[in-house]
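Commentary on secondary and tertiary structure
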Amino acid sequence: MRAQSDENTTPTPAEETPPEDEDAVVDEEADAVVDPEDEADDEDDEDAEDGEPEDGEDERGPSALAALGGRVFARPLLAAAIALVVVAAGCAVYFGGAWYTAAHDESLRYSQMRDSALVSGEQAVQNLNTLDYRHVDQGLNLWLQSSAGDLRNSITAGRKTFAAQVQQAKTATTAKVLDAAITQLDEHAGKAAIIVALEITVTPAKGKPATKQSRLQGELTRTGAGWKLSKIGQVAVDTGAGGAPLATPAPRAS
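Figured I'd write up the structure that's included with this text.

Conventions used here
- Sequence positions are assigned chain by chain, starting from 1 and proceeding in written order.
- Under the rules for a predicted model, residues below a pLDDT of 70 receive no local features and side-chain atom pairs below 80 are neither given nor counted, while totals for whole chains, interfaces and linings still include all residues.
- Processing note: side-chain calculations cover all non-hydrogen atoms of the structure and skip hydrogens and water entirely.
- Only runs of H or I of at least four residues qualify as helices and only runs of E of at least two qualify as strands under DSSP, and these elements are numbered from the N terminus.
- Think of it in three bands: residues with accessible area under 20% of the maximum for their type are buried, residues over 50% are exposed, and the middle band is partly exposed, with areas taken using a 1.4 Å probe on protein chains only.
- Residues count as neighbours in contact if any of their non-hydrogen atoms are within 4.5 Å of one another.
- Only the protein chains shown count as cover for residues, with accessible areas throughout obtained via the Shrake-Rupley method and a probe of 1.4 Å.
- One bridge is not enough; two strands pair if DSSP finds at least two bridges between them.
- Pairs of N or O atoms are called polar contacts if they sit within 3.5 Å, as long as, within protein, a hydrogen donor faces a hydrogen acceptor (for residues adjacent in sequence, only side-chain-to-side-chain pairs).
- A side-chain nitrogen of Lys or Arg and a carboxyl oxygen of Asp or Glu constitute a salt bridge if their distance falls within 4 Å.
- Directions are taken from the helix axis to each C-beta atom, and the arc is the one they span.
- In this analysis an axis means a line fitted to C-alpha atoms, helices contributing only their contacting stretch, and an angle means the value between N-to-C directions, from 0 to 180 degrees.
- Angles below 35 degrees are treated as roughly parallel, those above 145 as roughly antiparallel, those between 65 and 115 as roughly perpendicular, and all remaining angles as oblique.
- Put simply, a crossing is left-handed when the front helix is turned counterclockwise from the back one by less than a right angle, and right-handed when it is turned clockwise.
- Residues are grouped as follows: Ala, Val, Leu, Ile, Met, Phe, Trp, Tyr, Cys and Pro are nonpolar; Asp, Glu, Lys and Arg are charged; all remaining types, including Gly, are polar.

1. Some words on the overall build of the chain
Looking only at helices and strands, the chain has seven helices and five strands in total. Secondary structure elements in the chain, listed N-terminal to C-terminal, are α-α-α-α-β-α-α-α-β-β-β-β. For the chain, buried positions account for 24% of its 254 residues. Pairs at least 24 apart in sequence give 53% of the contacts found in the chain among residues at least 6 apart. For the chain, the exposed surface amounts to about 17900 Å²; the carbon and sulfur share of it is 54%.

2. Observations regarding the environment of L128
With respect to the secondary-structure elements, L128 resides in the loop between helix 4 (61-127) and strand 1 (131-132). With relative accessibility at 0%, the residue L128 sits in the buried group. A C-alpha to C-alpha distance of 8.8 Å links L128 and A175, two positions 47 residues apart in sequence.

3. Some words on the pairing of strand 2 (residues 171-186)
Pairing analysis gives two bridges linking strand 1 to strand 2, with the strands arranged antiparallel. Directly across from D132, in strand 2, lies its bridge partner A172. Where strand 2 and strand 3 (residues 191-204) come together, 14 bridges link them in antiparallel fashion. Its bridge partner lying in strand 3, V177 is registered against L198. Hairpin connection, strand 2 to strand 3: the antiparallel pair is bridged by four residues, and G190 has positive phi, about 70°.

4. Describing the side chain of T221
Along the polypeptide, T221 turns up in strand 4 (residues 210-223). A polar contact is formed between the side chain of T221 and the side chain of K191, at a distance of 2.9 Å. Aside from chain neighbours lying at most four places away, what touches T221 is G190, K191, G226, W227, K228 and S230.

5. Quick look at the sheet that holds strand 2
Taken together, five strands build an open sheet; the order of strands is 1-2-3-4-5 and the sheet is antiparallel. Among the strands making up the open sheet, the edge pair consists of strand 1 and strand 5 (226-234).

6. As for unusual backbone geometry
Of note, K170 is a non-glycine position whose phi angle comes to about 50°, a positive value. Residue placement: K170 occurs in the loop between helix 7 (159-169) and strand 2. Judged by its relative accessible area of 43%, K170 is partly exposed.

7. Comments concerning the pattern of salt bridges
Between side chains of opposite charge, pairing is possible as soon as their charged atoms come close. If you walk through the whole model with that rule in mind, you get five salt bridges. Here D137 ties to R159 by a salt bridge, and the two come within 3.9 Å at their closest N and O atoms. With D137 in helix 5 (residues 136-146) and R159 in helix 7, the pair connects residues that are 22 residues apart, well separated along the chain.

8. Here's the deal with helix 7
Here helix 7 has its buried residues at F162, A163 and V166. Burial along helix 7 is one-sided: seen end-on, the buried residues are contained in an arc of 95°. Of the exposed residues in helix 7, those oriented more than 90 degrees away from the buried face are K160 and Q168. Where helix 7 is buried, its residues contact strand 1, helix 5, helix 6 (149-157) and strand 2. Two residues or fewer after helix 7 comes K170, characterised by a positive phi angle close to 50°.

9. What to know about the packing of helix 5 against helix 7
Interhelical geometry of helix 5 versus helix 7 gives an angle of 135° and a closest axis separation of 10 Å. Viewed along their axes, helix 5 and helix 7 adopt a mutual orientation that is oblique. The handedness of the crossing between helix 5 and helix 7 comes out as right-handed. Contact residues: helix 5 offers V136, D137, L140, N141, W143 and L144, while helix 7 offers R159, F162, A163, V166 and Q167. Of the residues assigned to the contact of helix 5 with helix 7, the class counts are seven nonpolar, two polar and two charged.

This is the structure we're talking about:
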């Protein structure tokens, strides 16, 4: 019994684990250590693979494309709007300039016509108030050249009478225009109204000259030879100085 007990109690030698190879352990530990640079390269590769767009896909994504498309679409509209503004401004300047030019030309033409009538009217009134008994025929011819219409007819009809009166009075009458103005002008009808202030000097053959001032109103008619005096009348009563009747007899203002 004792011998069996000893046999049973005799310790069995423990199974020993064979020793690991030290070189192998070092290699495994070395493999377990990851180089940070390699790890960073791996992450970059993964990011590049994940972020690389497929063929035909824009890197900016759908929203970026939409925004870009909106800008591209808006630019032609903006350019068109600017072009329209420029064209409108150009038209405004052109038509405004044309209107101004036409209006200015019309005003200028009217002014030139008025000035022409005024100059001719002043000269005609002066001519018809100038007559020298020594040159009656020459003076009466000047009256005819300065007149038209009824006034010219009256001068033609009374020519002999005017000549006889001046030769009998032996007077020389001259006139000087003090002031004159066109009071009406109808360019379509070719008519104008004029008023003239005159200083008339009557010089007899013997004696001192007499001077008077007179205001005459007349009507001018446009003819092929220019503006001619077709009517003449006295506005104010003469202040004196006798002499030959000038122009055609006209009723005095009451």
